[in-house]
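Survey of secondary and tertiary structure
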Amino acid sequence: MTVRSMILISNDPESRIRGSEKLFSEFQQQLAHYDLADEVSLTLATDLGSSYASPLVIVYPEAVIYGPITVADVPYIVKEHLYKGRIVDEKRAPVHELSGKVAWLSAREGTLPAENRVVLKNVGVIDAEDIEDYIANEGYQALGMALEMSPDELIDLIKASGLLGRGGAGFPAGLKWSFVKNTDSDKKYVICNADESEPGTFKDRVVLEGDPHAILEAMLISAYAVGADEGYIYIRGEYQLAIERMETAIQQAEQYGFLGENIFGSELSFKVHVHAGAGAYICGEETALIESIEGKRGEPRNRPPYPTTFGLWGKPTLINNVETFANIPPIIRNGSDWYRSLGTASSPGTKVYTILGNVNVTELIEVPMGITLREVITIYAKGMKSGSFKMAQTGGSSGSIIPASLQDTPMDFDSYNKTGVSLGS
Amino acid sequence: MVSDQIKETEQLEDIREIVEKIGSTRADLIPVLQEITNKFGYISQLAIKELSDLMSLPTKEILSVATFYRMLSTQPRGEHIIQFCESAPCHVVGGREVFSALQDALGLEPGQTSADNKWTLLTTSCLGVCGIGPVILVDTDMYGNVTSDQVKNILSRYD
């Protein structure tokens, strides 16, 4: 029997606390009760980034978002929506608050343009623990395309895209890659910095939990470009679910031959390890992170030399942030012109933000670089909960305080640097 | 005393097993220390001495790493470890009141362990689930949107 409907249940840590796993088993029981188990697929996915309405239940192909849903709601939703085909309007997530997300879901059906998801394309849509879901959504396609290019062509493509590092400093990614490639060495490393510790920031966690294969694919591509054969993903110890998901992803990628020797019959061989952090904010700094992988106290090194020439165990090392890596496969699949069509001339692409504080909607969004703080607050956060806007802090404690006078400044690396503030990570 | 010796022997055996499983290079030190903390609750002097032999590292080197990372401990800790997020996003949504309720209920200051060895109270930096602050972590159970009057109920789940 063919599957006619698909149910996604959000299963990020916040939804878990609110009982997403119980929801899953209740859905299983109810679907079995109506003899629908073969016709309706059920998947625990990650969230859409809207913690205020979690756990969310999304039903395709109608793209209806229900939330917040409790176990008690499940029998009615299955009976009405899945069995009788009537959408349960009263259980839909508040549309006025979720408009960005609803528009995004419609955009997938080719109707409305809206929030442009590049980094978060798969998050909340695929089963992060099933590599076949990733492959079915263009997964590992970019790796195949990259391996048909020369490393120099590949680096030129990343340079042409204008991608700037999303870890906070905004350094041109292609340039960093070329530094590592141009350093002669018998051994090179690639590291993914997933030690996201800035208070109030959890955009990398959502990518790690929701789309771990995208990070592996990007690391493989970068390894080919710079000539590395070994990689580390340094995930902070507090992100237990992200660590588990990444380990599962690595196992599956090894089984499918995406990791190992002579990948796709090419000269690329790559193995990757997960290193769980042991609780140190400073290890988000890349040289402290390297010290930590080496088994030492996470104390930053003096620079220069930079990791691109003297990194892990003294070898040339490419370190990129999770969000930077997540941009790589889409750039390769769609080209640098497409990437430059998003964002601003000096900061192409999108940026993932977590919105928290005294606003009506706290959530995770992905928007083009260059939108203003006023737009973020009025459009996505649906305005201030009380009083008028006084200040915002970007990118955690090491970011900047943005006063109300800067709320119409475009949020991109260049514009923020010119006014002396930082966009943060 | 005899039982203490048996305990020590058992602990040493476990430590050797952990090192055998994870490895004995310098890069294995932190994963090994994490595993020891998970298994015994803390890294004892005995463990440090044994690791020094097994991994060919000076004891002061091991101690310096073990005391650097927040998730490693060289002090015995209680049966349950309560971690309270003290970062700004939890603080501004009422975290301070929840933390004082927690301290009152336990009679502990951050870093202390109760006399009956049941609880250790720690503060932690951001756990990355700011959408549901204030957040408390008891062992690996996470509680979100916590209010002061829920604190006793949460603790009673561990009776």
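Everything numeric in this text was worked out from a predicted model, so none of it was measured.

Focus: the sheet that holds strand β1 (residues 5-10) of chain A
Residues and elements named next belong to chain A. Reading across from one edge, β2-β1-β3-β4 is the order of the 4 strands in this open sheet, with mixed pairing throughout. Single-partner strands in this sheet number two, and they are β2 (40-45) and β4 (64-66). Neighbour-to-neighbour, the strand axes of the sheet open up by a mean angle of 20 degrees, direction not taken into account. Pairing analysis gives 6 bridges linking β1 to β2, with the strands arranged parallel. Across the sheet, Ser10 pairs through a bridge with Ala45, a residue of β2. Against the sheet, helix α2 (residues 20-33) engages β1 and β2, with an angle of about 175 degrees to β2.

Some details on the domain arrangement of chain A
When the parts come together, some accessible area is lost, and that loss is often what is quoted as the size of the interface. All names here are of chain A. Domain boundaries in chain A define domain 1 (5-108), domain 2 (131-339) and domain 3 (344-418). Placing a centre on the C-alpha atoms of domain 2 and another on those of domain 3 gives a separation of 27 Å. Every contact between the two is made by 16 residues of domain 2 and, on the other side, 12 residues of domain 3. At the level of elements, α9 (203-210) and α13 (322-334) are the ones that each hand at least two residues to the side of domain 2 that touches domain 3.

What to know about the environment of A:Cys192
All names here are of chain A. On the secondary structure map, Cys192 appears in strand β5 (residues 189-194). Taking the C-alpha atoms as reference, Cys192 lies 6.1 Å from Val322; in sequence the two are 130 residues apart. Leaving out residues up to four positions away in the same chain, Cys192 has contacts with Ile215, Met219, Ile233, Tyr234, Asn320, Val322 and Phe325.

Here's the deal with the interface of chain A and chain B
Between chain A and chain B, the contact holds 28 residues from the first and 26 residues from the second. Elements supplying a minimum of two residues to the side of chain A that touches chain B: α1 (13-17) and α12 (286-293) of chain A. No other element matches α1(A), which puts 3 residues into the side of chain A that touches chain B.

Quick notes on the nonpolar core
All names here are of chain A. If you look at the biggest cluster of nonpolar residues, it comprises 161 residues, and the most contacted ones within it are Ile215, Met219, Leu220, Ile221 and Ile235. If you tally residues by element for this core, the top one is helix α10 (residues 212-226), at 11 residues. Filtering out sequence-adjacent residues up to four positions away, Ile221 remains in contact with Ala142, Leu143, Ala146, Ile328 and Ile332.

Quick notes on the sheet that holds β5(A)
All names here are of chain A. Strand order in the open sheet made by the 4 strands is β7-β6-β5-β8, with parallel pairing throughout. One side of each edge strand has no neighbouring strand; the edge strands of this open sheet are β7 (271-276) and β8 (317-321). Between one strand and the next, the sheet's axes are offset by a mean angle of 20 degrees, whatever the strand orientation. Sheet topology note: the β5/strand β6 (residues 230-235) ladder contains 6 bridges and is parallel. Across the sheet, the residue bridging to Ile191 is Tyr232, located in β6. Along the sheet face, α13 touches β5 and β8 and points at about 95 degrees away from the line of β8.

Some points on the environment of A:Gly284
Residues and elements named next belong to chain A. Tracing the backbone through its elements, the reader meets Gly284 in the loop between β7 and α12. Taking the C-beta count within 10 Å as the criterion, Gly284 has 24 such neighbours and is therefore assigned buried. Spatially, the C-alpha atoms of Gly284 and Pro316 are 19 Å apart, while their sequence positions differ by 32 residues. Excluding its chain neighbours within four sequence positions, the residues that come into contact with Gly284 are Asn193, Asp195, Ser197 and Leu289.

With respect to the domain arrangement of chain B
Structurally, chain B comprises domain 1 (2-66) and domain 2 (80-156). For domain 1 of chain B and domain 2 of chain B, the distance between their C-alpha centres works out to 30 Å.

Here we look at unusual backbone geometry
All names here are of chain A. Note that the residue after Gly67, namely Pro68, is joined by a cis bond; omega there is -15 degrees. Note on placement: Pro68 falls in the loop between β4 and α3 (74-84). The omega torsion of the bond from Pro304 to Pro305 falls at 0 degrees, within 30 degrees of zero and hence cis. Residue position: Pro305 is located in the loop between α12 and β8. For Trp313, which is not a glycine, the phi torsion comes out positive at approximately 45 degrees.

Considering the packing of helix α8 (residues 173-181) of chain A against α10(A)
The description of two helices packed together rests on the angle between their axes and the distance between the axes. Residue and element names in this part refer to chain A. It is the contact of α8 with α10, at a shortest axis distance of 8 Å, that shows an interaxial angle of 50 degrees. Put simply, α8 runs oblique to α10. Residues Trp177, Val180 and Lys181 of α8 pack against Ser222, Ala225 and Val226 of α10. Taken together, the residues of the contact of α8 with α10 sort by class into 4 nonpolar, 1 polar and 1 charged.

Some words on the pairing of strand β3 (residues 57-60) of chain A
Residue and element names in this part refer to chain A. Alignment of β1 against β3, held across 4 bridges, turns out to be antiparallel. Bridging from a neighbouring strand, Ile9 pairs with Val57 of β3. Counted between consecutive antiparallel strands, the loop separating β3 from β4 contains 3 residues, among which Ala63 sits at a positive phi close to 60 degrees.

Let's talk about the packing of α2(A) against α3(A)
All names here are of chain A. Contact geometry of α2 with α3 gives a least axis separation of 9 Å together with a crossing angle of 45 degrees. The angle between α2 and α3 places the two elements in the oblique class. Where α2 crosses over α3, the handedness of that crossing is right-handed. When α2 is examined against α3, the residues Leu23, Glu26, Phe27, Gln30 and Leu31 are found in contact with a partner set consisting of Val74, Pro75, Val78 and Leu82. Residues that form the contact of α2 with α3 fall into these classes: 7 nonpolar, 1 polar and 1 charged.

A closer look at helix α5 (residues 88-106) of chain B
Residue and element names in this part refer to chain B. Between its terminal C-alpha atoms α5 stretches only 23 Å, short of the 27 Å expected from 19 residues at 1.5 Å a residue. When the local axis directions of α5 are compared, the greatest deviation, roughly 85 degrees, occurs at Gly94. Pro89, Cys90, Val93, Gly95, Val98, Phe99 and Leu102 are the residues of α5 that are buried. In this fold, the buried residues of α5 make contact with β1 (80-85) and α6 (151-156). Once α5 finishes, Gly107 follows within two positions and takes phi at roughly 65 degrees, a positive value.

The rules behind the values
Residues numbered from 1 in each chain as written. Chains lettered and ligands numbered in written order. Predicted model: local features only at pLDDT ≥ 70, side-chain atom pairs only at ≥ 80, totals over all residues. Pairing = 2+ DSSP bridges. Helix = DSSP H or I, 4+ residues; strand = E, 2+ residues; numbered from the N terminus. Axes fitted to C-alpha atoms, helices over the stretch in contact; angles between N-to-C directions. Contact = placed C-beta atoms within 7 Å. Domains from an automatic or database assignment. Core = buried A, V, L, I, M, F, W, Y, C linked by C-beta atoms within 7 Å. Buried ≥ 20, exposed ≤ 12 C-beta atoms within 10 Å, placed from the backbone. Parallel < 35°, antiparallel > 145°, perpendicular 65-115°, else oblique. Nonpolar A, V, L, I, M, F, W, Y, C, P; charged D, E, K, R; others polar. Left-handed = near helix turned anticlockwise from the far one by under 90°. Expected span 1.5 Å × (residues − 1). Bend = angle between axes of the 7 residues up to and from the residue.

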